[in-house]
Amino acid sequence: MTSLASVTLEVADHAAAESFYSDAFGLGPRLRLRASDAQTTGFRGFTMSITVSQPADVDSFIESALKAGATTLKPAAKSLWGYGGVVQAPDGTIWKMATSSKKDTGPATRAVDDLVLLLGVEDVKASKQFYVERGLSVAKSFGGKYVEFASDDAAPVKLALYKRKGLAKDVGVAEEGGGSHRIVLGSTSGSFTDPDGFVWEAEQASA
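On a predicted model such as this, the values are computed, not experimentally measured, just so you know.

Student: Mind showing me how you'd approach the nonpolar core here?
Tutor: The nonpolar side chains of a soluble globular protein tend to be buried, and buried together. Judged by nonpolar contacts, the single largest core of 45 residues is most densely connected at Y21, F25, I50, W95, L117 and L119. Membership of the second largest hydrophobic core comes to 9 residues, among which are V116, L118, L167 and V171.

Listed below in structure tokens is the structure:
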């Protein structure tokens, strides 16, 4: 049985990244960092998403991220599904802040409802089957477009799959990219690599 126990971003400058994430999001141990000089170009095939309860919190997280050195990919705006915006951290990781609510119920609290890792994959159905065979349980599935895996309340990060091309479009970048994904997923069981090259390490190895 496998589940997602941790997410480690591989960054060129560990100290700078540590400072950025502390100032921008304050996620603490939910997000890990590791120094790496692995070559990477363009879209890395994944995004991190912070979901919150109201637009004020989206704005608060985007503002603190920009002040800490992030750049805007998509300004915060209302849409059919709610309200959200996208920024890119100095280390290259793409972050989306979003809420299903279109109105504030009070001042920003900066409470994070969910931290979600979205993997952009070539074949959603094939990747879904790959993960199901390794013990992950599906919570939501929309054909070949999107899959969300089940996680308990104590899980630091939720895992979902999205079509790579669609994910790139959603965050406002070109889908082309190559080299290292610059991310390592912590596994509650053994180490493996998925069909799209995302590396999972046994949790004790990624700690």
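Student: When you look at unusual backbone geometry in this model, what are you seeing that I'm missing?
Tutor: The phi torsion of most residues other than glycine is negative, and most of the peptide bonds are trans. If you check the backbone angles, R110 has positive phi at about 60° while not being a glycine. Phi angles above zero are rare outside glycine, and R182 is one such case at about 60°. With respect to the element layout, R182 can be found in the loop between β12 (177–179) and β13 (183–187).

Student: What exactly am I supposed to notice about the sheet that holds strand β14 (residues 192–193) here?
Tutor: Backbone-to-backbone hydrogen bonds pair the strands of a sheet. The strands run either parallel or antiparallel. Strand order in the open sheet formed by 5 strands is β2-β1-β13-β15-β14, with mixed pairing between adjacent strands. Where the open sheet ends on each side, the last strands, each with one partner, are β2 (32–35) and β14. Set on the sheet, helix α1 (residues 14–24) makes contact with β1 (4–11) and β2; between it and β2 the angle comes to about 160°.

Rules of the game
Residues numbered from 1 in each chain as written. Predicted model: local features only at pLDDT ≥ 70, side-chain atom pairs only at ≥ 80, totals over all residues. Heavy atoms only, no water. Core = buried A, V, L, I, M, F, W, Y, C linked by side-chain atoms within 4.5 Å. Buried < 20%, exposed > 50% of the residue type's maximum accessible area, 1.4 Å probe, protein only. Helix = DSSP H or I, 4+ residues; strand = E, 2+ residues; numbered from the N terminus. Pairing = 2+ DSSP bridges. Contact = heavy atoms within 4.5 Å. Axes fitted to C-alpha atoms, helices over the stretch in contact; angles between N-to-C directions.

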